[in-house]
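For reference, the chains in residue letters:
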Protein chains: 2
Amino acid sequence: MNTNDAVPALAAIAQEHRLAIYRLLVQAGPEGMAAGAIADALGLPPSSLSFHLAHLNRAGMIAQRRESRSLIYTADFERMNALVGFLTDKCCGGQPCGPLAQPASPPAKRA
Amino acid sequence: MNTNDAVPALAAIAQEHRLAIYRLLVQAGPEGMAAGAIADALGLPPSSLSFHLAHLNRAGMIAQRRESRSLIYTADFERMNALVGFLTDKCCGGQPCGPLAQPASPPAKRA
DNA sequence: TTGATATTTCCAGTATTATCGAATCATTGA
DNA sequence: TCAATGATTCGATAATACTGGAAATATCAA
């Protein structure tokens, strides 16, 4: 993760509807949700939803797979971990400092 | 932390220059940096820097204090922790799942 | 006071982003 | 093949954000 990746990733979730979409997908877990189900949950018109899903996808925050007629979206958890790691990189000059010590660095082993 | 706080917080760091400023301040630690030092480090014209600092400050990502003629800026570490916690809230429906288990939740005790 | 330093505010121009209806594309079942 | 379903793309409009020079504000030292 570097600045060129992080800025689009952050911009992707720095918007009311997209943040709602992303959090919904985080909560949905690896199974994900169909676009229609997201639209129902959030009350967004299809073209707006599609715009935001494409934005999140382009930024690598979510993934897409087709299941029959539906497109299923899932949150990319590793990307979020990488993003958090980047944001807190070299905290306090790398010295043991407290504020953000070991922020989300342990890269999440699957249970 | 809720959506109304998180969107401005994310938008604040979702911009090339502001992300650079923020990361610089994270690395600077609690001592922070004067506006002028930030400008020197990043090569930004003063009015632009001020614009971005105000943006970050309004969003609560950084704090400001005066020291003689200089305004010193510091990263707000707790805010970042709260933000990360919000983003990964109820991951996978709250079940033990792996992907983002205990992301940055331990709220960082000072060393 | 006066002058120098540090930083912000104002402003105008430019560029980017969000919205959503209508049209289109993809997949499936009959 | 046709109609129905699920979702995306297109296009026009409105709103918001970024940039940087010039002027204003705050602080300090002589």
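The sections below set out a description of the structure shown in this document. (Residues numbered from 1 in each chain as written. Chains lettered and ligands numbered in written order. Predicted model: local features only at pLDDT ≥ 70, side-chain atom pairs only at ≥ 80, totals over all residues. Heavy atoms only, no water.)

Moving on to helix 2 (residues 16-28) of chain B. Residue pairs three or four apart in sequence face the same way in an α-helix, which turns once every 3.6 residues. In a regular helix each residue adds 1.5 Å, so 13 residues correspond to 18 Å; helix 2 of chain B covers 18 Å between its end C-alpha atoms and thus fits that length. By the burial criterion, the buried members of helix 2 of chain B are Arg18, Leu19, Ile21, Tyr22, Arg23, Leu25 and Val26 of chain B. (Helix = DSSP H or I, 4+ residues; strand = E, 2+ residues; numbered from the N terminus. Expected span 1.5 Å × (residues − 1). Buried < 20%, exposed > 50% of the residue type's maximum accessible area, 1.4 Å probe, protein only.)

With respect to the helices and strands, Asn81 of chain A occurs in helix 5 (residues 77-87). Take Asn81 of chain A: its relative accessible area is 14%, and that puts it in the buried class.

The next thing to look at is empty space enclosed by the protein. Taken as a whole and judged by the stated rule, the model has one cavity of 30 Å³ or more. Estimated volume of the largest cavity: approximately 50 Å³. Considering the residues around the largest cavity, the lining is formed by Leu10, Ile13, Met80, Leu83, Val84 and Leu87 of chain A together with Leu10, Ile13, Met80, Leu83, Val84 and Leu87 of chain B. Elements with a contribution of two residues or more to the lining of the largest cavity: helix 1 (3-13) and helix 5 of chain A together with helix 1 (3-13) and helix 5 (77-87) of chain B. Class assignment for the residues of the lining of the largest cavity results in twelve nonpolar, no polar and no charged. (1 Å grid on protein atoms, 1.4 Å probe; cavity = no way out; pocket = protein on both sides within 12 Å on 5 of 7 lines; lining within 4 Å. Points joined across faces, edges and corners; volume = space filled by probe spheres on them. Nonpolar A, V, L, I, M, F, W, Y, C, P; charged D, E, K, R; others polar.)

The next thing to look at is the packing of aromatic side chains. This structure, assessed with the given rule, holds zero aromatic pairs over all chains. The ring centre of Phe86 of chain A lies 3.7 Å from the NZ or CZ of Arg23 of chain B, which sits over that ring. (Phe/Tyr/Trp six-rings, centres within 6.5 Å; stacked < 30°, edge-to-face > 60°. Lys NZ or Arg CZ within 6 Å of the ring centre and 35° of its normal.)

With that settled, the discussion passes to the protein's contact with DNA strand D. Around DNA strand D there are 23 residues in total, and Gly36 and Tyr73 of chain A together with Arg18, Ser47 and His52 of chain B lie nearest to it. Across the atoms of DNA strand D situated within 4 Å of the protein, the share located in sugar and phosphate is 67%. The separation between a phosphate oxygen of DNA strand D and a polar main-chain atom of Gly36 of chain A is 2.7 Å. Contact between DNA strand D and His17 of chain B: a phosphate oxygen at 3.3 Å from a side-chain N or O atom of the residue. Of all the secondary-structure elements, those providing two or more residues to the surface near DNA strand D are helix 3 (35-42), helix 4 (46-58) and strand 3 (70-75) of chain A together with helix 2 and helix 4 (46-58) of chain B. Per element, the largest residue contribution to the surface near DNA strand D is five residues, and it comes from helix 4 of chain B. Taken together, the residues of the surface near DNA strand D sort by class into seven nonpolar, twelve polar and four charged. (Near = heavy atom within 4 Å. Polar contact = N/O pair within 3.5 Å; in protein donor to acceptor, adjacent residues only side chain to side chain.)

Take the protein's contact with DNA strand C next. Taken together, 23 residues surround DNA strand C, and among them Arg18 and His52 of chain A together with Gly36, Ser50 and Tyr73 of chain B come closest. Each atom of DNA strand C within 4 Å of the protein was assigned to sugar, phosphate or base; sugar and phosphate come to 68%. Residue Ser47 of chain A places a side-chain N or O atom 3.1 Å away from a base oxygen belonging to DNA strand C. The backbone of Leu71 of chain B places a nitrogen or oxygen atom 3.5 Å from a phosphate oxygen of DNA strand C. Secondary structure elements with two or more residues in the surface near DNA strand C: helix 2 (16-28) and helix 4 of chain A together with helix 3 (35-42), helix 4 and strand 3 (70-75) of chain B. Tallying contributions element by element places helix 4 of chain A first for the surface near DNA strand C, with five residues.

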